[in-house]
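Below, each chain spelled out in residue letters.
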Amino acid sequence: MKRYFALLARYNVWATGKLFEHVDALPEADYRRDCGLFFKSVHGTLNHLLVGEHLVWYPRFAEGVSNRRALNEEVETDRLRLRDALIAKAERWLPLIESWDDTRFDGRLDYTTTKGVPQSLPFAATLGHVFNHGTHHRGQVTAAITAMGHPCPEIDLVWMLQQEGRA
């Protein structure tokens, strides 16, 4: 399990970087436009990723801390600082995963939801949710970019594996 989640952590960093190669090229109006996503815009969706993946889930796994935050909170208004925060915080997952003993993945994650409800879920499945959640929202962003008529990145996991194989 540890090797698999380490792979997902590497993929998370790689896919986030690839995504921003295209997000960075968006005109400001397209970046902030309500394009029908759950969090409305590319900017809103990226802010949601910062909140969910890094300000809510990461502290639960790393510190046992359950932050109560609104999932639509705009924690970073500046798009370049948001990009830098998402990339830097994505890089924290791999060392965290590598620090865990293999038996940790068989345990449970006890936390409190953002609404204050105590919860206990299978550790590995919940960690899987974190990476799946990021993939889901990156997919929304790539669909929005494409719908606006801009090129979008190829960010399938196999593309990363092929790139690593060539390196």
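Remember, it's a predicted structure, so these values are computed and weren't measured experimentally.

Asks: Can you break down the nonpolar core residue by residue, with the values?
Replies: Ranked by internal contacts, the top residues of the largest apolar core, which has 19 residues, are Val23, Tyr31, Val42, Leu46, Leu86 and Val141. Mapped by element, the contributors of at least two residues to this core are helix H1 (2-23), helix H3 (42-63), helix H4 (79-90) and helix H6 (123-147). The leading source of residues in this core is H3, at seven residues. Aside from chain neighbours lying at most four places away, what touches Tyr31 is Val23, Leu26, Ser41, Val42, His43, Leu46, Arg79 and Leu82. Listed in part, the 18 residues of the second largest apolar core include Phe105, Phe123, Leu127 and Phe131.

Asks: Please set out H3 residue by residue, giving values where relevant.
Replies: With 22 residues, H3 extends 30 Å between its outermost C-alpha atoms, agreeing within 8% with the 32 Å of an ideal straight helix rising 1.5 Å per residue. The largest bend in H3 amounts to roughly 35 degrees and is located at Trp57, with the proline Pro59 lying one to four residues further along. Extensive coverage of H3 is indicated by the burial of 20 of its 22 residues. Looking one or two residues past H3, Gly64 carries a phi angle of roughly 70 degrees, positive in sign.

Asks: I'd like a rundown of a nonpolar patch on the surface, residues and numbers included.
Replies: On the surface, a cluster of nonpolar side chains totalling about 260 Å² of accessible area is made up of Val158, Trp159 and Leu161. Mapped onto the secondary structure, Leu161 falls in helix H7 (residues 157-166).

Asks: Can you explain the packing of H1 against H6? Please cite residues and give values.
Replies: Relative to each other, H1 and H6 sit at 15 degrees, their axes nearing to 11 Å. The orientation of H1 with respect to H6, classified from their angle, is roughly parallel. Crossing angle aside, the handedness with which H1 passes H6 is left-handed. Of the residues in H6, those touching H1 at Phe5, Leu8, Ala9, Tyr11, Asn12, Ala15, Thr16, Leu19 and Val23 are Ala124, Leu127, Gly128, Phe131, Thr135, Arg138, Val141, Thr142 and Ile145. Residue composition of the contact of H1 with H6, by class: twelve nonpolar, five polar and one charged.

Asks: Before we move on, can you summarise the packing of aromatic side chains with the specific residues and values?
Replies: This structure, assessed with the given rule, holds 14 aromatic pairs. Centroid distance Phe38 to Phe39: 4.9 Å. Interplanar angle 70 degrees. Geometry classified as edge-to-face. Between Trp93 and Phe131 the ring centres are 5.6 Å apart and the planes differ by 70 degrees, which places this aromatic pair in the edge-to-face class. With Trp93 in helix H5 (residues 93-99) and Phe131 in helix H6, the pair connects residues that are 38 residues apart, well separated along the chain.

Asks: How would you explain the side chain of Thr45 if you had to name every residue and give the values?
Replies: Within the fold, Thr45 resides in helix H3. Leaving out residues up to four positions away in the same chain, Thr45 has contacts with Leu37, Phe39, His137, Gln140 and Val141.

Asks: Outline the pattern of salt bridges, supporting the account with residue identities and numerical values.
Replies: Applying the stated criterion to the full structure yields nine salt bridges. Notably, a salt bridge pairs Arg10 with Glu164, separated by 2.9 Å at the nearest N-O pair. Of the two residues, Arg10 is situated in helix H1 and Glu164 in helix H7; the sequence distance between them amounts to 154 residues. Take Arg10: its relative accessible area is 33%, and that puts it in the partly exposed class. Looking at Glu164, the relative accessible area reads 35%, which means it is partly exposed.

Asks: How would you sum up the environment of Trp14? Please name residues and give values.
Replies: Considering the arrangement of structural elements, one finds Trp14 in helix H1. Here the alpha-carbon distance between Trp14 and Ala70, two residues 56 residues apart in the chain, equals 27 Å. Every residue in contact with Trp14, bar those within four places of it in the chain, is listed here: Glu154, Ile155, Asp156, Trp159, Met160 and Gln163.

Definitions and cut-offs
- Here the residue numbering is sequential within each chain, running from 1 through the sequence in written order.
- Where local features are concerned, this predicted model is filtered to residues with pLDDT of at least 70; where side-chain atom pairs are given and counted, the filter is 80 or more; whole-chain, interface and lining totals use all residues.
- Hydrogen atoms and water are omitted, and side-chain values are computed over all heavy atoms in the structure.
- Definition of nonpolar core: a set of buried residues of the types Ala, Val, Leu, Ile, Met, Phe, Trp, Tyr and Cys, connected through side-chain atoms within 4.5 Å.
- Partly exposed residues are those whose accessible area sits between 20% and 50% of the maximum for their type, while under 20% is buried and over 50% is exposed, using a 1.4 Å probe and protein chains only.
- Secondary structure elements are taken from DSSP: a helix is a run of H or I of four residues or more, a strand is a run of E of two residues or more, and numbering for both begins at the N terminus.
- Residue contacts are defined here by distance: any two heavy atoms, one from each residue, within 4.5 Å place the two residues in contact.
- Each helix should span, by expectation, one fewer than its residue count multiplied by 1.5 Å.
- The quantity called bend is, for any residue, the angle between two axes fitted respectively to the seven residues ending at it and the seven beginning at it.
- Distance thresholds for patches are 9 Å for like charges and 5 Å for nonpolar side chains (Val, Leu, Ile, Met, Phe, Trp, Tyr), applied to residues having over 30% relative accessible area and no salt bridge.
- Reported accessibility uses the Shrake-Rupley method at a 1.4 Å probe radius. Residues are deemed covered only where the shown protein chains occlude them.
- Note on definitions: salt bridges are taken to be side-chain nitrogens of Lys or Arg within 4 Å of carboxyl oxygens of Asp or Glu.
- To define axes, lines are fitted to C-alpha atoms, for helices over the stretch in contact only, and angles between the resulting N-to-C directions are given on a 0 to 180 degree scale.
- Should an angle lie under 35 degrees it is considered roughly parallel, over 145 roughly antiparallel, and from 65 to 115 roughly perpendicular; all remaining angles are considered oblique.
- A clockwise turn of the near helix away from the far one marks a right-handed crossing, whereas an anticlockwise turn of less than a right angle marks a left-handed crossing.
- Polar here means any residue other than Ala, Val, Leu, Ile, Met, Phe, Trp, Tyr, Cys and Pro, which are nonpolar, and Asp, Glu, Lys and Arg, which are charged; Gly is therefore polar.
- To pair, rings of Phe, Tyr and Trp, with the six-membered ring standing in for Trp, must have centres within 6.5 Å; the planes then decide the type, stacked if under 30 degrees apart, edge-to-face if over 60, and tilted in the middle.

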